[in-house]
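# Understanding the architecture of this molecule
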Amino acid sequence: MSEGAVKKFMFVNRKAPYGTIYALEALEVVLITAAFDQDVSLVFMDDGVYQLKKGQQTKGVEIKNFSPTYRALEGYDIEKLYVEKESLDARGLTEDDLLVDVTVLGRAEMGALMNEQDVVLSF
Amino acid sequence: MASIEVGGKSYETDEEGYLVNLAEWNPEVGVYLAGTESVELTEQHWEVINFLREYFEEYQIAPAVRVLTKAIGKKLGAEKGNSEYLYGLFPYGPGKQACKIAGLPKPTGCV
Amino acid sequence: MLHIINKSPLSNSSLESCLRVAVSGDILLTEDAVYAATSGNAFEGKLREAMGRFKVYVLQPDLDARGLGDRLIEGVTGVDHGGFVDLTISNNNCQSWL
C-alpha cells in the first residue's frame, strides 16, 4: 500500500476457539496484516471473548493451543484490543480472566468505534 | 512426505525441508539442516537459533522478520538487531532460513 | 455504516449482536436472515424496535426464493442485487456479520 494511505482495519472476533477454525484463521490474518503497517484494532465479543481466556490446556483434545500467540501481538505493534463488556458479563468473565491487556468497552462505545473504521472484517 | 536422516534416526520434513514435528528437533538436527542451507553455524548463529526456539516456546509462532529483528535488538543489543547483521548470518533470510534450522515452521505470512 | 446479516435470528445470534452493538445506519438482511423481516416470526418485535435506529432492507430475491415475498414486515424495504450494491456505495463502510 502506498505511503500515507493508512487505513483503519477492525477484526471482529465472535467465535469461541477450537469448536470452529474461525478464531485461528482470524489470528493468522491479523498477523499477516501487521506487515502492512495499518491501523489495526481487534474486537472480541460474544463467544469471541473465550479466545482470550487464561489457562487454556489443549493437550487432551490434541489441538494446538494458540492462545499464547495473542501475547505476541504487542511485538507485532498490534496494541488495540477491545472486549465488549456485555459479552464478558454474559459469560461470567471479567478482565482478570483474560490473558492479555485489553480495553473493555460498553456496547455503545463499541458500536461507535466500528463506525469509525475503513474496513471491518468479521470472524 | 520427505525425510532426513541424522545420527541414524529419520526425521519427517515437508516438501521445503522444514521439520514436521518440532518436538523432534535437537542441535544435531540443527547442524544438519544448516548444512542443507550451506550455512556454517557459529556462536552468533546459535544465539539467533536459540532465541527463535525460545520465542516459539513462548508464543507458539515463528516471528515475522520485522518482529524478530526488533526482539533480537532488545535482547542481544542494537548491533545485532538489524537486518544487515541477521542477513549476514542467514543470507536467505532470518525468517525462512533461521526458522528452518531452528526446527520452526515458516513464519506466518512468509511466502 | 451498512450491516449485512445472512443468518436466521432464530438459530444464530449475529443479528441480535448487531442490534446490541451497532449504533445506527443501514441493515441489509440476506439469505436466511430474511426470515427476521417476515410477519409473525419470533424475532419480529426486536426487529421492529430496531427500525427506529436503523433503516432495514431485505434482499428481495432471497425472500422470494423462500416463498415469503408476501410476508414482509411493513417499513422494511426490499432491494434487488443492484440495490445491494447501491447500499455498499452509499455507506462509508460495512460489516458482514458472520
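Residues numbered from 1 in each chain as written. Chains lettered and ligands numbered in written order. Predicted model: local features only at pLDDT ≥ 70, side-chain atom pairs only at ≥ 80, totals over all residues. Heavy atoms only, no water.

### A few points about the overall build of chain C
- Helices and strands together make up the secondary structure of chain C, namely four helices and five strands.
- In sequence order, the secondary structure elements of chain C are arranged as β-α-β-α-β-α-β-α-β.
- For chain C, the C-alpha radius of gyration of 12 Å lies close to 13 Å, the compact-globule estimate for 98 residues.
- Expressed as lengths along the three principal axes of its C-alpha atoms, the size of chain C is roughly 30 × 30 × 25 Å.
- Per-residue burial for chain C yields a buried fraction of 47% across its 98 residues.
- A separation of at least 24 residues holds for 69% of the contacts in chain C among residues at least 6 apart in sequence.
- For chain C, the accessible surface area stands at approximately 4400 Å², while carbon and sulfur atoms represent 48% of it.
- Within chain C, the 12 negative side-chain charges are centred at a point lying 7 Å from the centre of the 8 positive side-chain charges. (Helix = DSSP H or I, 4+ residues; strand = E, 2+ residues; numbered from the N terminus. Rg over C-alpha atoms; globule rule 2.2 N^0.38 Å. Buried < 20%, exposed > 50% of the residue type's maximum accessible area, 1.4 Å probe, protein only. Contact = heavy atoms within 4.5 Å. Areas by Shrake-Rupley, 256 points an atom, 1.4 Å probe, with all protein chains shown as cover. Lys, Arg positive; Asp, Glu negative; His and termini not counted. Charge placed at Lys NZ, Arg CZ, Asp CG, Glu CD.)

### Some words on the arrangement of the chains
- There are two pairs of chains in contact here; the most contacts are made by chains A and C.
- Across the gap from chain B to chain C, with no contact made, the nearest C-alpha atoms are 24 Å apart.

### Some remarks on the interface of chain C and chain A
- Taken together, the 14 residues of chain C in the interface contact 22 residues of chain A.
- Interface area, chain C with chain A, both sides summed: about 1400 Å², of which 49% is carbon and sulfur.
- Contact with chain A buries surface across chain C, with C:Arg20, C:Val21 and C:Leu98 losing the most and accounting together for 44% of the total.
- Remark: the boundary between chain C and chain A carries two salt bridges.
- Its salt-bridge partner being A:Glu84, residue C:Arg20 comes within 2.7 Å of it at the nearest N-O pair.
- Connecting chain C to chain A are 14 residue pairs in polar contact (both at pLDDT 80 or more). (Buried area = accessible area lost by both parts, 1.4 Å probe. Salt bridge = Lys/Arg side-chain N within 4 Å of Asp/Glu carboxyl O. Polar contact = N/O pair within 3.5 Å; in protein donor to acceptor, adjacent residues only side chain to side chain.)

### Some words on the pattern of salt bridges
- Per the counting criterion, the structure on display carries 17 salt bridges over all chains.
- Across the salt bridge formed by A:Lys8 and A:Glu116, the nearest N and O atoms sit 3.4 Å from each other. Highlighted residues: A:Lys8 in strand S1 (residues 8-13) and A:Glu116 in the loop between helix H3 (107-115) and strand S5 (119-122), separated in sequence by 108 residues.
- With relative accessibility at 28%, the residue A:Lys8 sits in the partly exposed group.
- Ionic pairing is found between C:Lys46 and C:Glu16, a salt bridge with its closest N-O pair at 2.8 Å. Of this pair, C:Lys46 sits in helix H2 (residues 44-50) while C:Glu16 sits in helix H1 (residues 14-21), and the two are 30 residues apart along the sequence.
- Given the relative accessible area of 42%, C:Lys46 is considered partly exposed.
- Each of A:Arg14, A:Asp46, A:Glu84 and C:Arg20 takes part in salt bridges that share partners, so that together they form one network.

### Side note on a negative patch on the surface
Residue and element names in this part refer to chain A.
- Taken together, the side chains of Glu74, Glu79, Glu95, Asp96 and Asp101 make up a negatively charged region of the molecular surface.
- Within the element layout of this structure, Glu74 appears in the loop between strand S2 (39-44) and strand S3 (80-84).
- For Glu74, a relative accessible area of 54% translates into the label exposed. (Patch = residues over 30% accessible without salt bridge, like charges linked within 9 Å, V, L, I, M, F, W, Y side chains within 5 Å.)

### Side note on helix H2 (residues 43-59) of chain B
Residues and elements named next belong to chain B.
- In this model H2 runs 24 Å from its N-terminal to its C-terminal C-alpha over 17 residues, within 8% of the 24 Å that 1.5 Å per residue would give.
- Taken as a whole, H2 has its buried residues at His45, Val48, Ile49, Phe51, Leu52, Tyr55, Phe56 and Tyr59. For H2, the arc enclosing every buried residue in end-on projection is 160°, short of the 170-degree limit, so these residues lie on one face. In this structure, H2 carries Glu43 and Glu57 as exposed residues pointing more than 90 degrees from its buried face.
- Looking at the buried positions of H2, the neighbouring elements they touch are helix H3 (65-76), helix H4 (83-89) and helix H5 (96-101).
- Two residues or fewer past H2, Gln60 is found with a positive phi of approximately 65°. (Expected span 1.5 Å × (residues − 1). Arc of directions from axis to C-beta.)

### What about the nonpolar core?
- Within the largest apolar cluster, 58 residues are counted, with the highest numbers of intra-cluster contacts made by A:Leu42, A:Tyr70, A:Leu73 and A:Ile78.
- Here this core gets seven residues from one element, more than from any other, and that element is H2(B). (Core = buried A, V, L, I, M, F, W, Y, C linked by side-chain atoms within 4.5 Å.)

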